[in-house]
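Per-entry structural report
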Amino acid sequence: MTSTTRLTVAQALVRFLAAQYTERDGIRHRLIGATWGIFGHGNVAGIGQALVEYADDMPYHQGRNEQAMVHAAVGYARQSNRLSTHAVTTSIGPGATNLVTGAALATINHLPVLLLPGDTFASRPADPVLQQLEVPYAGDVSVNDCLRPVSRYFDRITRPEALIPAALQAMRVLTDPVETGAVTLALPQDVQAEAYDWPEGFFAERTWTVRRPGADPTELAEAVRAIRAARRPLLVAGGGVHHSRAEEALAEFAEATRIPVASTQAGKGSLRWDHPQDVGGVGHTGTATADELARTADLVIGVGTRYTDFTTASHTLFTGDGVRFLNLNIAPFDGHKLSGLPLIADARSGLQELTEALLMHDHRVPAAYVSEYTEDKERWEYRVDAAFEAEDPDIRPTQPQVLGALDELVDESDIVLNAAGSLPGDLHKLWRTRSRDQYHLEYGYSCMGYEIPAAIGVRLAAPDRPVWALVGDGTYLMMPTEIVTAVQEGIAIKVLLIQNHGYASIGGLSESVGGERFGTAYRYRSEDGRYTGAPLPVDLAANAASLGMRVLRAKTVRDLRAALAEARAADTPTCVYVETKTADTVSGAPPAQAWWDVPVAETATRSSAVKARELYERHVSTRRRHL
């Protein structure tokens, strides 16, 4: 007879999760490294009790906001190369719906996270229960169904025995390099506490192999022919390079062929900034060097990218005569984009195979092409120096000068996180990435509030490295809550808090599309009813200090340099607070080097909108469709 163990559903799930592992390249990792949780009546007696029961097997972290817990888990997963992640448990109702934004972020960025929201009673002894959504046309719908479209796998466990196939499917999806994202197992609160006789085999250690599929020989041969025929090829490195740990393979490919390498936000750092073939970020927030190469490329080699509108400049960037696309991607969905030649393979495996095949032909791009992009990159670096430089160290810094002060300080060990606002554009254009994982931008969902909790997750995955969360005032006000968690756990993240009194990025965008910066400044209302009065007297530094964080205030560039150095050396959570001045033509970041499509009002009476529409139509006319 099969031996069994009698446990609750929640106990069985926690014990099962503690026995799951991944393996890639012969290295084994624990799949679920810890569980984050906020407890309410929907999970306290189930998952909560199980975490107490198996505290030695499953580490627990206490969060303050459910969305933030998902961000922390995602940060941990990305820093762990998607080979390990965290689970997140919540109560029913608002605790569960707070997961939706984090789940969307995880799925869009192809990063694994396991969500365990409580759910209403499966047995329906009382209907409705506290926090239950009543749906007159469907008795089996709960608020957790909001998680279906943002999850790569979803199941509701209404019977104990249903946990076994659902849990196995959940692990399959979490460890699949193509399918991975948010996985949701909705757990009715009565089922969580129900006992069942579980087969011992359910709790046996399982190792899930993360595949590295190679390329199909026919696709590989066609890819080699396309590269050899190209005179002006450009490689676009996406996040898949990092997920695959393909950075060394990419460097070998670039060195062998001399093909220039541009990067998306997710792919930046695939090559060091000073690598001879690195030409910086590409697209709307890219460098002039990369974007000019993109405009004139006859072959675009996308590696691990999904070609978002920021990368393609809303399809106005890759416009060279006869331009073709070659897409090395582990996901067929992305490999066939832009009517490109697909090369469906793991990024590392595919690059190694391409390099080997091209070396057989001793293939390199023309020397004149190498000289062209090398000289252009040198000119761009002068612009970066100008943006970073502060001739007078006793003045208030611009935002690029803040980045310049940090750039002077860090080395290969530092990790820099950001997600939204004006910082992604400045960072993509200006930041000099020194290691494969230094640059951590969440720009698939560009979620304000990601930075601080994600920094906690990254620091948990890399406990010996300096981890910086770069946060604007708008983002800080969205989600500062996990500062309390960092203080409680002694997680020594560094928060660089930049005060510019509003939504600077959207303010600039609003002005460019005829919106006149409406509703984007943090100011008092003036007599005309607009937010054009004095800046609000909000002291964000005092707020961070009140949550337990050590705060260093910097008023000048000189102060900032000293504060950053002190924060970097600190072994407790530390915040550097600085108020920036508006960038001028000398110290500001270079403007966008490529367009981004934000539709402008087709009819308007205000001159700002009329002029913006005229410019918009000129840009739209340059769009090129690649099927």
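Before going into details, it helps to say that this report is about the structure given with it. (Residues numbered from 1 in each chain as written. Predicted model: local features only at pLDDT ≥ 70, side-chain atom pairs only at ≥ 80, totals over all residues. Heavy atoms only, no water.)

Tallying each qualifying case throughout the model produces six cavities of 30 Å³ or more. Lining the largest cavity are 48 residues, and of these His 110, Gly 239, Gly 240, His 243 and Gly 304 lie nearest its centre. When contributions to the lining of the largest cavity are tallied by element, the ones reaching two or more residues are helix H9 (239-243), helix H12 (309-312) and strand S16 (324-329). Of all the elements, H9 adds the most residues to the lining of the largest cavity, at three residues. Counted by class, the lining of the largest cavity contains 19 nonpolar, 20 polar and nine charged residues. (1 Å grid on protein atoms, 1.4 Å probe; cavity = no way out; pocket = protein on both sides within 12 Å on 5 of 7 lines; lining within 4 Å. Points joined across faces, edges and corners; volume = space filled by probe spheres on them. Helix = DSSP H or I, 4+ residues; strand = E, 2+ residues; numbered from the N terminus. Nonpolar A, V, L, I, M, F, W, Y, C, P; charged D, E, K, R; others polar.)

A word on the nonpolar core. Among the nonpolar cores identified, the biggest contains 54 residues, and Ile 227, Leu 235, Phe 253, Ile 301 and Leu 351 are the most heavily contacted of them. Not counting residues within four places of it along the chain, the set of residues in contact with Leu 235 comprises Leu 250, Phe 253, Ile 259, Pro 260, Val 261, Ala 262, Ile 301, Val 303 and Leu 351. Counting 48 residues, the second largest nonpolar core, distinct from the first, contains Val 88, Cys 447, Ile 452 and Ile 491. (Core = buried A, V, L, I, M, F, W, Y, C linked by side-chain atoms within 4.5 Å. Buried < 20%, exposed > 50% of the residue type's maximum accessible area, 1.4 Å probe, protein only. Contact = heavy atoms within 4.5 Å.)

Turning our eyes to something else, we now look at the state of the cysteines. By definition, a disulfide is the covalent link that joins the sulfur atoms of two cysteine residues. Tallied over the entire structure, the rule returns zero disulfides. Its sulfur unpaired, Cys 146 is 16 Å from the next cysteine sulfur, which belongs to Cys 447. Looking at the unpaired Cys 575, the closest cysteine sulfur is the one in Cys 447, lying at 20 Å. Judged by relative accessible area, which is 0%, Cys 575 ranks as buried. (Disulfide = S-S within 2.5 Å.)

This brings us to the packing of aromatic side chains. All told, the structure shown has twelve aromatic pairs when counted by the stated rule. Geometrically, the ring pair formed by Tyr 307 and Phe 325 is edge-to-face, given 5.8 Å between the ring centres and 85° between the ring planes. In this pair, Tyr 307 is assigned in the loop between strand S15 (299-303) and H12 and Phe 325 in strand S16, connecting sequence segments 18 residues apart. Owing to a relative accessible area of 8%, Tyr 307 belongs among the buried residues under this scheme. Here a set of aromatic residues connected by ring pairs shows up, and it is made of Phe 16, Tyr 196, Trp 198, Phe 202 and Phe 203. For the cation-ring pair, Arg 15 lies above Phe 203, with the distance from its terminal atom to the ring centre recorded as 4.2 Å. Against the face of Tyr 21 rests Arg 28, its NZ or CZ located 3.9 Å from the ring centre. (Phe/Tyr/Trp six-rings, centres within 6.5 Å; stacked < 30°, edge-to-face > 60°. Lys NZ or Arg CZ within 6 Å of the ring centre and 35° of its normal.)

For helix H15 (residues 367-388), with 22 residues, the first-to-last C-alpha span of 32 Å sits near the 32 Å given by 1.5 Å per residue. Buried within H15 we find Tyr 369, Val 370, Tyr 373, Lys 377, Trp 380, Glu 381, Val 384, Ala 387 and Phe 388. All buried residues of H15 fall inside an arc of 110° around its axis, so they share one side. The outward face of H15, more than 90 degrees from its buried face, is lined by the exposed residues Ala 367, Ala 368 and Tyr 382. Elements that come into contact with the buried residues of H15 comprise strand S12 (233-237), strand S14 (278-281), helix H11 (288-296), helix H16 (399-409) and helix H17 (423-430). (Expected span 1.5 Å × (residues − 1). Arc of directions from axis to C-beta.)

Put simply, helix H8 (residues 217-229) and helix H14 (residues 347-360) touch, their axes get as near as 10 Å, and they point 60° apart. Between H8 and H14, the angle falls in the class oblique. Handedness of the crossing formed by H8 with H14: right-handed. Packed against H8, whose contacting residues are Leu 220, Ala 223, Val 224, Ile 227 and Arg 228, the element H14 presents Glu 353, Leu 354, Ala 357 and Leu 358 at the interface. For the contact of H8 with H14, the per-class residue count stands at seven nonpolar, no polar and two charged. (Axes fitted to C-alpha atoms, helices over the stretch in contact; angles between N-to-C directions. Parallel < 35°, antiparallel > 145°, perpendicular 65-115°, else oblique. Left-handed = near helix turned anticlockwise from the far one by under 90°.)

Where H16 meets helix H23 (residues 557-569), the axes come as close as 10 Å, and the angle between the chain directions of the two elements is 45°. Considered as vectors, H16 and H23 are oriented oblique to each other. Classified by chirality, the crossing of H23 by H16 is right-handed. Listed contacts from H23 to Gln 401, Val 402, Ala 405, Leu 406, Glu 408 and Leu 409 of H16 are Val 557, Leu 560, Arg 561, Leu 564, Ala 565 and Arg 568. Its residues placed into classes, the contact of H16 with H23 shows eight nonpolar, one polar and three charged.

The next point concerns the environment of Leu 187. On the secondary structure map, Leu 187 appears in strand S9 (residues 182-188). Between the alpha carbons of Leu 187 and Phe 203 there is a distance of 19 Å; along the sequence they are 16 residues apart. For Leu 187, the residues in contact, after removing those within four places along its chain, are Leu 13, Ile 47, Leu 116, Pro 117, Gly 118, Asp 119, Ile 157 and Gln 192.

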